[in-house]
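The chain contents come next:
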Amino acid sequence: MTNRTDPYGRSIDYMRVSIIDRCNLRCRYCIPEGIEWLPPNEILTLEEIAGICRQAAAIGIRKIKITGGEPLIRKGCMDLIHMIKSIPDIEQVTLTTNGTLLASYAKRLHQEGLDAVNVSLDTLNREKYAKITGYDGLADALSGISEIEKYKIPLKINSVLQRGVNDEDWQELAQMAKDRNINVRFIEMMPIGHGKQFESISNEDILAKIQARYGPVEKVQKSLGNGPASYIHIPGFRGDIGFISAIHGKFCHACNRIRLTATGQLKPCLCYEDHISLKEAIRGGSPEEVQRLLLAAIDQKPAGHCFNQNQEMITEKQEMAQIGG
Ligand code: SAM
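The text that follows walks through the structure, step by step, so that each part is easy to find.

Reading the values: the criteria
Here the residue numbers are simple positions, counted from 1 along each chain's written sequence. Local features in a predicted model are, by the rule used here, given only for residues with pLDDT of at least 70; side-chain atom pairs are given and counted only at 80 or more, and totals for whole chains, interfaces and linings are based on all residues. The side-chain figures draw on all heavy atoms in the structure; neither hydrogens nor water molecules are used. Here, a salt bridge means any Lys or Arg side-chain nitrogen found within 4 Å of an Asp or Glu carboxyl oxygen. Numbering goes from the N terminus for both helices and strands, where a helix is a DSSP run of H or I of at least four residues and a strand is a run of E of at least two. Any residue under 20% of the maximum accessible area for its type is buried, any over 50% is exposed, and the rest in between are partly exposed; the area is computed with a 1.4 Å probe on protein chains only. Helix axes are fitted only over the stretch in contact, all axes being lines through C-alpha atoms; the angle between N-to-C directions runs from 0 to 180 degrees. Here the angle decides the label: under 35 degrees means roughly parallel, over 145 means roughly antiparallel, 65 to 115 means roughly perpendicular, and every other value means oblique. The handedness criterion is simple: a crossing whose near helix is rotated anticlockwise from the far helix by less than a right angle is left-handed, and one whose near helix is rotated clockwise is right-handed. Contacts are assigned to residue pairs that have any heavy atoms within 4.5 Å of one another. Residues are grouped as follows: nonpolar covers Ala, Val, Leu, Ile, Met, Phe, Trp, Tyr, Cys and Pro; charged covers Asp, Glu, Lys and Arg; every other residue, Gly included, is treated as polar. When DSSP finds two or more bridges between a pair of strands, those strands are recorded as paired. Pairing of aromatic rings covers Phe, Tyr and Trp, the last through its six-membered ring, and needs centres within 6.5 Å; plane angles under 30 degrees mean stacked, over 60 mean edge-to-face, and all others mean tilted. Starting at the helix axis, one direction is taken to each C-beta atom, and the arc is that of these directions. Side-chain atoms within 4.5 Å link the members of a nonpolar core, which is a set of buried Ala, Val, Leu, Ile, Met, Phe, Trp, Tyr and Cys residues. A single heavy atom is enough: if one lies within 4 Å of a molecule or strand, its residue is considered near that molecule or strand. Whenever two N or O atoms come within 3.5 Å, that pair is a polar contact, provided that in protein one can donate a hydrogen and the other can accept it, and provided that, for residues adjacent in sequence, both atoms are side-chain atoms. Note that accessible areas follow from Shrake-Rupley with a 1.4 Å probe, and for residues the cover is restricted to the protein chains shown.

1. Details of the pattern of salt bridges
Following the criterion strictly, the structure yields 17 salt bridges and no others. Linking Lys279 and Glu42 is a salt bridge whose minimum nitrogen-to-oxygen distance equals 3.4 Å. Pair noted here: Lys279 is in helix α8 (residues 279–284) and Glu42 is in the loop between β1 (14–18) and α1 (46–58), with a separation of 237 residues, a long-range link. Under the relative-accessibility criterion, Lys279 is labelled buried at 12%. When the shortest N-O distance is used, the salt bridge between Glu48 and Arg283 registers 2.9 Å.

Encoded structure:
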């Protein structure tokens, strides 16, 4: 079955799958104080997650992004990737990580045939990295990136800029795309969880600064991933620069995704707390019941988020780490 569409005619073929809510970083806009640890049986087992992905494939999901928390701290993450890669109708399995544990897993990820890695990296300055993430881990993240490059797994850097902290770090981050086969993307801060306390820097401003520095840039027409990023090419650069402008360039008309949290909540939209629990169905129900609930989540997708409107309309209360981004 292909081309599962929602009531707004959007084709939904992508599921972000959070496999753990815990993270080894304490990013100031995400979980600066950490989060309450859930009892282990609240979290889906790896077999349950793979089972949901199998049913998702049966209703038209073709691409899976493994996320967290920090997915690489979940024991068995590689086995899970293996299981999901083995589902015939899943065409792409990708991973998003903060990169701090990536170096030791790069070889296995290559062996498992992982299709791409996103590394979240907001600065190349060691002190700022520690200030933003609560951990002196820049060197670890950079070595993770280098290992992934060695195995030639397609790589993107995702950066969130904060005013007064790393708002000018786009310069060094963008330079990573100059001589290396890396796409660097700027993600606007979204008013989810602690992100509400930060002003979102417009990607239009970043683009203007890039143009002021590098001159005219070319718009990249082809799609370079699963998501809503728009890309530019700076002449002479190997990689491209992407913009995920959730606030200042709302792209809900092109939304192609649903989200599964580590506790088994299926979310039609990042902005709202509405969800459908898959936990009971995957633990005791039939495959058809899981499929029915997956289809119900697609049917319940709203027309769009409300991040750029009155913040009281945003009903989601969880942190990004509990959802998976
Ligand atoms: N630990 C993994 C990682 O670093 O990619 C996956 C989970 S993390 C929550 C996913 C992404 O969400 C990271 O790139 C992080 O910077 C981003 N993020 C967290 N809170 C955010 C917010 N309020 N607005 C925009 N992005 C946010």
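2. Quick notes on the packing of helix α6 (residues 170–179) against helix α7 (residues 203–214)
Geometrically, a packed helix pair is captured by the angle between its two axes and the distance between the axes. Where α6 contacts α7, the axes come no closer than 11 Å and their chain directions differ by 70 degrees. When the axis of α6 is compared with that of α7, the two are roughly perpendicular. Like other packed secondary-structure pairs, α6 and α7 cross with a definite hand, here right-handed. Contacts between α6 and α7 involve Trp170, Gln171 and Gln175 from the first element and Ile206, Lys209, Ile210, Arg213 and Tyr214 from the second.

3. Some points on the packing of α1 against helix α2 (residues 77–85)
Closest axis-to-axis distance for the α1/α2 pair is 10 Å, and the angle between their directions is 25 degrees. As the angle between them shows, α1 and α2 are arranged roughly parallel. Both α1 and α2 take part in a crossing whose hand is right-handed. Here α1 contributes Leu46, Glu47, Ile49, Ala50 and Cys53 to the contact with α2, which in turn contributes Leu80, Met83 and Ile84. Residues of the contact of α1 with α2, tallied by class, amount to 7 nonpolar, no polar and 1 charged.

4. Structural notes on the pairing of strand β8 (residues 230–233)
The pairing of strand β7 (residues 218–220) with β8 spans 3 bridges and is antiparallel. From the neighbouring strand, Val220 faces β8, where its bridge partner is Tyr231.

5. So, the packing of aromatic side chains
Applying the stated rule across the entire model yields 3 aromatic pairs. When the ring of Phe186 is compared with that of Phe243, the centres are 6.3 Å apart and the planes differ by 35 degrees; the resulting orientation is tilted. Linking Phe186 in strand β6 (residues 182–187) with Phe243 in strand β9 (residues 241–244), this pair joins segments that are 57 residues apart in sequence. Both residues of the pair, Phe186 and Phe243, count as buried. With 5.2 Å between their ring centres and 80 degrees between their planes, Tyr214 and Phe237 make a pair best called edge-to-face. One end of the pair, Tyr214, is in helix α7; the other, Phe237, is in the loop between β8 and β9, with 23 residues separating them in the sequence.

6. Notes on the sheet that holds strand β2 (residues 63–67)
Here we have 12 strands laid out as an open sheet, ordered β7-β8-β9-β6-β5-β4-β3-β2-β1-β10-β11-β12, and mixed in their pairing. Lying at the two open borders of the sheet, with one neighbouring strand each, are β7 and β12 (276–277). Relative to β2, β1 is paired through 5 bridges, and the arrangement is parallel. Among the inter-strand pairings, Tyr14 is bridged to a residue of β2, identified as Lys63. Along the sheet face, α7 touches β6, β8 and β9 and points at about 160 degrees away from the line of β9.

7. Re α2
Three- or four-residue spacings in an α-helix give side chains the same orientation, since the helix completes a turn every 3.6 residues. Buried within α2 are the following residues: Cys77, Met78, Leu80, Ile81 and Ile84. Along α2, the residues classed as buried sweep out an arc of 160 degrees about the axis, all on the same side. Residues of α2 that are buried make contact with α1, β2, β3 (92–97) and α3 (106–112).

8. Re the nonpolar core
Across soluble globular proteins, you tend to see nonpolar side chains buried next to one another. In terms of nonpolar packing, the biggest core is built from 104 residues, with Met15, Phe186, Ile210 and Ile241 touching the most fellow members. With 7 residues, the single largest contributor to this core is α1. Discounting residues that sit within four places of it in the chain, Ile210 has contacts with Trp170, Phe186, Gly215, Val217, Ile232, Ile234, Ile241 and Phe243.

9. A look at the site of the ligand
By nearness alone, 18 residues border the ligand, and Tyr29, Gly69, Thr96, Ser120 and Met190 come closest of all. Between the ligand and the protein, one listed contact pairs an oxygen atom with a side-chain N or O atom of Tyr29 at 2.9 Å. In the environment of the ligand, an oxygen atom lies 2.7 Å from a nitrogen or oxygen atom belonging to the side chain of Thr96. Across the complex, the protein chains shield 93% of the 550 Å² of accessible surface that the ligand would expose by itself.

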